[in-house]
Amino acid sequence: MMSGGLKKCIGRGMRRFFKKTENSPLVSFGIGTVVTAGIQSSDATNAMVIGFVNAGAMTLFQGLCIMLGAYVGTTITGVLASFSSLSISLYLLLFAFVGVAMMFLKKEILKNIGEILTGLGLLFFGLAIMKAGFKQPDIVEGIKNLFETIDFGPLLYLIGIALTALVQSSSAVTSIVIAMVGSSSISLGSGLYIVLGAMVGTVVTTLLATIGEPIKGKRAASIAFVLRLFTTSIMLIFLCVFNDAISNAMHVFALGGSDELPVALFTVFFNIVFMPICIPLLKPLIILFEKLIKDNDKVKLDSCVHFINDKLLTAPSIAELQVKKEILNMYDLAYRNYVNGINKLLANETENDNEIVDFENQIDHLNNRITEFLIKLSPRVNSKDERRVGAFFHVINDIERIGDHAYNFLDMSKDMKNKDLAFSSVALEEIKQFNDIILEMFDLSRNIFNNKEEALLVKLHELENLTDELKVRFFTNHYDRIKSNNCVYELSPFYSSLLVELERIADHLNNIGYSIVNPVGDDR
């Protein structure tokens, strides 16, 4: 709950952070640390990063630097949990009461802050209950007997990996260990082995999340796992050899005679020391894993999806930004197919048939993928963004219809060629005049949708009205030419259909432009 509230509060800030990601590894590392410290979940950060890497929005190197920083940022949860050993922890329970009251307020930001406070209060409430349970004599005795039986560092390390892979949260496992150490159910030395294993287990979650995903994401997760396994293995050796010395050194940080804070600080010290050391290893590992995990699953249709990925759903504000980019990608494909299709009719071209078919398939695929993504995104956005996300559904429908009309030009040109028909020079001039208006509307519509240029809506609407007039006028001109024997009647179905197709494309472009002021794209 605390993580969800934080993500809502700093969602826009997260956008700005990720925009600043550059080739500077330290900048990326710092971004990963700060963002994860804010949202309290390295899994959420890693999921977003893998989504960006898969979408090509950031390089594999940049993404891995952020992921390394995320492992430092996520240690904040353990430090917070360790405060339960202080006498002030009882007062921190009041956060839950205050937070619940704030969640009933109307202002969105106050509701989100209330969610953060409620989550924080419940964190300490849960830890208090858990510690009380661990202090029961029979529980303490049972746990002590269990860990005396398995008092072997590497085995405890493996238990930490397994537990974290099962519950899919290193923070949760670390908090449980903190409670067990605080209640003297297990020793500090045993707890350090388990939290060390938890640091590997959290990457198992990331690995599992890449099943069925593109190759780039699999490489990122695999490299992160190898680095995590390598660094924790080195620390495991140190713990096995110097366990007593390390435990005594960490015991210095005990608060009120409790070893809860030392457990949390152990994770902090480990990540601060080892994660920056991993940065120089990234580029050699990227080269190695590009050879080990070969890019042999290039599905043609999936390659057209550049910006969206389900991993981004953990941060709705970022996902909304990415889905807008994907819609513009779909828009540009529809524009290119329109140009290809109309040129076949204007110049009687026989080329680009395969490209038109390929683009149409990509447009349909994008329509399905974006729709599925928006369905998942809709319940996650706040009320302020809900209207805009709703408008996206109508926009992709209009773009998909433009693609269909453009594809119809291909069928029309083939049919005319089979019947040995061609438009007259006068008809071609009329089509070119209509086409010039449509091309101008394409530019206006895209600019309005992308940059929210409301001032351009008047011009867009005027052009759409002009296409309605041209359709009627050119219909009339065509039949006048037939009467005067300047055109053949067999061309009537083709010319009439073409005018209707062009006028409907203008309607869809108008709808896309007006979507920024009306979710259904209506200009009224």
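Residues numbered from 1 in each chain as written. Predicted model: local features only at pLDDT ≥ 70, side-chain atom pairs only at ≥ 80, totals over all residues. Heavy atoms only, no water.

Engineer: Lay out unusual backbone geometry in plain terms, naming residues and giving numbers.
Structural biologist: Positioned with a positive phi, Asp420 is a non-glycine residue whose angle comes to about 55°. Relative to the elements of secondary structure, Asp420 occurs in the loop between α19 (383–418) and α20 (425–451). (Helix = DSSP H or I, 4+ residues; strand = E, 2+ residues; numbered from the N terminus.)

Engineer: So, the pattern of salt bridges: which residues are in play, and what are the values?
Structural biologist: Inspection of every chain in the model, using the stated rule, returns nine salt bridges. For Asp332, the salt bridge goes to Arg446, with nearest N and O atoms at 2.8 Å. Linking Asp332 in helix α17 (residues 316–347) with Arg446 in helix α20, this pair joins segments that are 114 residues apart in sequence. Residue Asp332 is classed as partly exposed on the basis of its relative accessible area of 30%. Residue classification places Arg446 among the partly exposed residues on the basis of a relative accessible area of 27%. (Salt bridge = Lys/Arg side-chain N within 4 Å of Asp/Glu carboxyl O. Buried < 20%, exposed > 50% of the residue type's maximum accessible area, 1.4 Å probe, protein only.)

Engineer: Break down empty space enclosed by the protein for me, with residues and values.
Structural biologist: Over the atoms rolls a probe the size of a water molecule, and its path tells where empty space is left. Enumeration according to the criterion identifies one cavity of 30 Å³ or more in this entry. Looking at the largest cavity, the residues that line it are Tyr71, Thr74, Thr75, Gly78, Ser170, Ser171, Thr174, Val195, Met199, Arg228, Thr267 and Asn271. The set of elements that each furnish at least two residues to the lining of the largest cavity consists of α12 (170–182), α13 (188–209) and α15 (260–278). At three residues, the largest contribution of residues to the lining of the largest cavity is made by α12. Of the residues that constitute the lining of the largest cavity, the class distribution is three nonpolar, eight polar and one charged. (1 Å grid on protein atoms, 1.4 Å probe; cavity = no way out; pocket = protein on both sides within 12 Å on 5 of 7 lines; lining within 4 Å. Points joined across faces, edges and corners; volume = space filled by probe spheres on them. Nonpolar A, V, L, I, M, F, W, Y, C, P; charged D, E, K, R; others polar.)

Engineer: I'd love a proper account of the side chain of His508, names of residues and values included.
Structural biologist: Here His508 is to be found in helix α22 (residues 492–514). The class for His508 is buried, based on a relative accessible area of 14%. Discounting residues that sit within four places of it in the chain, His508 has contacts with Asp398, Arg401, Ile402 and His405. (Contact = heavy atoms within 4.5 Å.)

Engineer: So what's going on with the side chain of Glu326? Which residues, and what values?
Structural biologist: Mapped onto the fold, Glu326 is located in helix α17. Although Glu326 lies buried, it forms no salt bridge, and the closest oppositely charged side chain, Arg369, sits 7.1 Å away as judged by the N-O distance. A polar side-chain atom of Glu326 sits 3.0 Å from the main-chain amide nitrogen of His306. (Lys, Arg positive; Asp, Glu negative; His and termini not counted. Polar contact = N/O pair within 3.5 Å; in protein donor to acceptor, adjacent residues only side chain to side chain.)

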